[in-house]
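Coordinate analysis (summary)
These are the residues of each chain, in order.
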Amino acid sequence: RAECAVLPVPGAVLLSLVSSAALSWLLLKGTALLLTDEDILFRGPDATPRGLGRPAPRRVPTVAQGCVPVAAGLAAVWYAQGIGPDDLLLAIPLHQAVAVVAPLVLALVWQRVDLRATLGLVAPGHGFRGGVALGGAALMGGGLFLLSAALLLASGSGISDDARNLSQRLLTLIRDRPWWVGAVLMALLPAVAEEMLYRGWTLAALTGERPSRARRTAAVVAQAALFAVAHLLPERMPATFALGLATGAVRVASGSLLPAIVLHAVHNAMPLALVALAGRGALDGALAEVATGVATRLPDGVTAAAAMALAIGAVLVGLAARRRGASGDDRPHR
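Residues numbered from 1 in each chain as written. Predicted model: local features only at pLDDT ≥ 70, side-chain atom pairs only at ≥ 80, totals over all residues. Heavy atoms only, no water.

**Comments concerning the overall build of the protein chain**
Summing up its helical and strand segments, the protein chain has 13 helices and zero strands in all. Beginning at the N terminus, the succession of helices and strands in the protein chain can be written as α-α-α-α-α-α-α-α-α-α-α-α-α. Restricting to contacts in the protein chain with at least 6 residues of sequence separation, those with at least 24 account for 77%. For the protein chain, the exposed surface amounts to about 16,500 Å²; the carbon and sulfur share of it is 67%. (Helix = DSSP H or I, 4+ residues; strand = E, 2+ residues; numbered from the N terminus. Contact = heavy atoms within 4.5 Å. Areas by Shrake-Rupley, 256 points an atom, 1.4 Å probe, with all protein chains shown as cover.)

**Examining the confidence of the model for the protein chain**
Summary statistics for the protein chain give a mean pLDDT of 79 and a share of 72% for residues scoring 70 or more. Between the elements of the protein chain, mean pLDDT differs from a low of 47, seen in helix 2 (residues 38-42), to a high of 95, seen in helix 8 (residues 179-207). Per-residue pLDDT stays below 50 along residues 1-7; that stretch engages in 30 contacts with residues further than four places along the chain or on separate chains. Low confidence marks residues 37-51, where pLDDT is under 50. Its contacts with residues over four positions away, or in another chain, come to eight contacts. (pLDDT = per-residue confidence, 0-100.)

**Describing the side chain of Thr240**
Mapped onto the fold, Thr240 is located in helix 10 (residues 237-254). Residue class for Thr240 comes out buried when judged on its relative accessible area of 10%. Dropping the residues within four chain positions of it, Thr240 is found in contact with Phe227, Ala228 and His231. (Buried < 20%, exposed > 50% of the residue type's maximum accessible area, 1.4 Å probe, protein only.)

**What about the environment of Val70?**
Mapped onto the elements, Val70 comes out in helix 3 (residues 63-80). Taking C-alpha positions, Val70 is 9.9 Å from Trp201, a pair spaced 131 residues apart along the chain. When near neighbours in sequence (up to four residues on either side) are disregarded, Val70 contacts Tyr198, Thr202 and Leu226.

**Things to note about helix 8**
Within helix 8, the axis deviates most sharply at Glu195, by approximately 35°. The buried fraction of helix 8 is high, at 21 of 29 residues. Phi turns positive, to about 85°, at Gly208, one or two residues after helix 8. (Bend = angle between axes of the 7 residues up to and from the residue.)

**Topic: the pattern of salt bridges**
Following the criterion strictly, the structure yields two salt bridges and no others. Of the charged contacts in the structure, one is a salt bridge between Arg199 and Glu195, with a shortest N-O distance of 2.6 Å. Of the two residues, Arg199 and Glu195 are both situated in helix 8; the distance of four residues between them amounts to about one turn of the helix. The same class applies to Arg199 as to Glu195, namely buried. A salt bridge links Arg210 to Glu209, with the nearest nitrogen and oxygen atoms 3.9 Å apart. On the basis of relative accessibility, which here comes to 32%, the residue Glu209 falls in the partly exposed class. (Salt bridge = Lys/Arg side-chain N within 4 Å of Asp/Glu carboxyl O.)

**Observations concerning helix 4 (residues 88-110)**
Between its terminal C-alpha atoms helix 4 stretches 31 Å, which fits the 33 Å expected from 23 residues at 1.5 Å a residue. Here helix 4 has its buried residues at Leu88, Ala91, Ile92, His95, Gln96, Ala99, Val100, Pro103, Leu104 and Ala107. For helix 4, the N-terminal cap is Asp87; the gap from its side-chain oxygen to the backbone nitrogen of Leu89 is 3.0 Å. (Expected span 1.5 Å × (residues − 1). Polar contact = N/O pair within 3.5 Å; in protein donor to acceptor, adjacent residues only side chain to side chain.)

Okay, here's the thing in structure tokens:
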């Protein structure tokens, strides 16, 4: 993960320019709203409202409203990265709070939207159907992690010193702390927070209230791209983009955020599982190295097994979603 990564110079300059432009746009937009307010121009200072008025209620955010928390989070991470703590026990929660939770909470407080429809706060199905959706999402998460690792190794690009350093710090966190600390910091916290922002708020905004199939597809791709950029490390962006695509597709298919959270959590928990199994001698050494980011190959058959798990998981989620859509009182929110 990229909570404390340092970008190469070109990427740093680009991120600085983009985040500065986003903040400037927000300030100019607020000023324009104030200057064009009829109460200010025609009714005098006594009628001037205190601050900007809240937007009118909507079922889901607009596209601009959906992208503002992402831009704000990127800007906050960029300007605060020099003062972040080195200890991941503090750095990971701080990163999530600054880049994800705070911008999302402010957006939820400021915008008046249907939280259930926007964030996908519905069950993926009742009983067995819901279990099938969650089980499929879990298979997709595990398979996607290993498949992404295999593709990265096959590309021969390797990883940068920054990424390798971060991997070693994550390994230290896993080995030096109780297992549940790593599970909360690496899997549960990012899965819940990031899914609520990207596959909840942002995806709902990009999808709109009455989307076509083409717009839903474009929305899934767009939010995955934003999700990848937010993770900063260039060599990890393809894998993060793939994770965003998978969780976005699961969110759209199921109509619920819960399968996306499960997929994300299992994906992020794979390093913990691999390290734990390696410590017991239950894994091939090369597979154990995947958890630390220093692997040079995967054992024979792992790539095929990962692809099969991903495919089976996608089929299970699709079957659960199809049965869900067939019942009139249990349709996903769109």
